[in-house]
Amino acid sequence: MIVINVDVMLAKRKMSVTELAERVGITIANISILKNGKAKAVKLETLNRICCALNCQPGDVLEYVPDGESSSD
Amino acid sequence: MNYGRQRKAYSNMKQKSLSNWLKIIFAGVAVCMAVVYCYLLPVWGRECFNTSFFYTEDSAWFTPWLIVTLITAVPCCIAIVLGWRIAIEIGRDNSFSETNSKLLMNISFLAALDAGYYFVANIVLLIIGMNHPAVFFLVIMVCFAGVAISGVSAALSHLVYKAAKINEENELTI
């Protein structure tokens, strides 16, 4: 499964979840859905805004984890 | 931004209006059903039975037929309650949901059960000589309507279920 790790980038950029939500233009609830892995799909536009807000590459926030394994650090 | 909020408010208002309208319709249907089952069938039915067209020397025909017919009110009442619950869900902006899909499937089952029971019961009464062919013909028409309602409800249930799945996926698309 694809895991979205925004926590590491948020810590690096010293940004809060609220600020990220405002910059990306989505609600905090949706950020939680992304972080919890409950999202079924992410629009490219949303990914574009996340990368723009965090000043990072998609690979910095997206990680592939085989089903059944926990995510690496 | 303001336009988006206005659109959402308008959509909510339409949903509330539709929900209230459906509740009014179901309440009206319930009242009509009460009139038919409590007055028209027992009173007018008895009067029709006493006309020369239906007259028979065996006056015991009417009561068993009336009992068989009154039993059909039970699934109808349950279906109206289920329809009322669908109207409540629509009012909560929960139109496309698995709940509504299950309610519609239950309505379909009740309609089929009611039509099947009424048809078989009237055939049995006809065979044992306690029914009239003209009455049976009317019963067939009623059963046909019941089967049509069952089919439409089943199809609607499937469509609502599929729409609920699409809605769920849409809500989880960020």
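Below or above, wherever it landed, is the structure these notes cover. The model shown is predicted, which means the values in this text are computed figures rather than measured ones.

Thresholds, definitions, all that
Residues numbered from 1 in each chain as written. Chains lettered and ligands numbered in written order. Predicted model: local features only at pLDDT ≥ 70, side-chain atom pairs only at ≥ 80, totals over all residues. Heavy atoms only, no water. Helix = DSSP H or I, 4+ residues; strand = E, 2+ residues; numbered from the N terminus. Contact = heavy atoms within 4.5 Å. Areas by Shrake-Rupley, 256 points an atom, 1.4 Å probe, with all protein chains shown as cover. Lys, Arg positive; Asp, Glu negative; His and termini not counted. Charge placed at Lys NZ, Arg CZ, Asp CG, Glu CD. Buried area = accessible area lost by both parts, 1.4 Å probe. Salt bridge = Lys/Arg side-chain N within 4 Å of Asp/Glu carboxyl O. Polar contact = N/O pair within 3.5 Å; in protein donor to acceptor, adjacent residues only side chain to side chain. Nonpolar A, V, L, I, M, F, W, Y, C, P; charged D, E, K, R; others polar. Axes fitted to C-alpha atoms, helices over the stretch in contact; angles between N-to-C directions. Parallel < 35°, antiparallel > 145°, perpendicular 65-115°, else oblique. Left-handed = near helix turned anticlockwise from the far one by under 90°.

Time to look at the overall build of chain A. What chain A contains, in helices and strands, is five helices and two strands. In sequence order, the secondary structure elements of chain A are arranged as β-α-α-α-α-α-β. Projected onto its principal axes, the C-alpha positions of chain A cover 35 × 25 × 20 Å. A separation of at least 24 residues holds for 60% of the contacts in chain A among residues at least 6 apart in sequence. Carbon and sulfur atoms make up 50% of the accessible area of chain A, which amounts to about 4,800 Å² in all. Distance between charge centroids for chain A: 6 Å, based on 9 positive and 9 negative side chains.

All right, on to the interface of chain A and chain B then. Contact residues are listed per partner, giving 11 residues for chain A and four residues for chain B. When chain A packs against chain B, the two sides together hide about 680 Å² of surface, and 71% of this comes from carbon and sulfur. Counting across the interface, chain A meets chain B through zero salt bridges. Our count for the contact surface shared by chain A and chain B stands at five residue pairs in polar contact (both at pLDDT 80 or more). Partitioning the side of chain A that touches chain B into residue classes produces six nonpolar, two polar and three charged.

What follows deals with the packing of helix α4 (residues 98-127) of chain B against helix α5 (residues 133-171) of chain B. Residue and element names in this part refer to chain B. The geometry of α4 relative to α5 is characterised by a closest axis approach of 8 Å and an angle of 165° between their N-to-C directions. In terms of their interaxial angle, α4 and α5 are classed as roughly antiparallel. For the pair α4 and α5, the crossing hand works out as left-handed.

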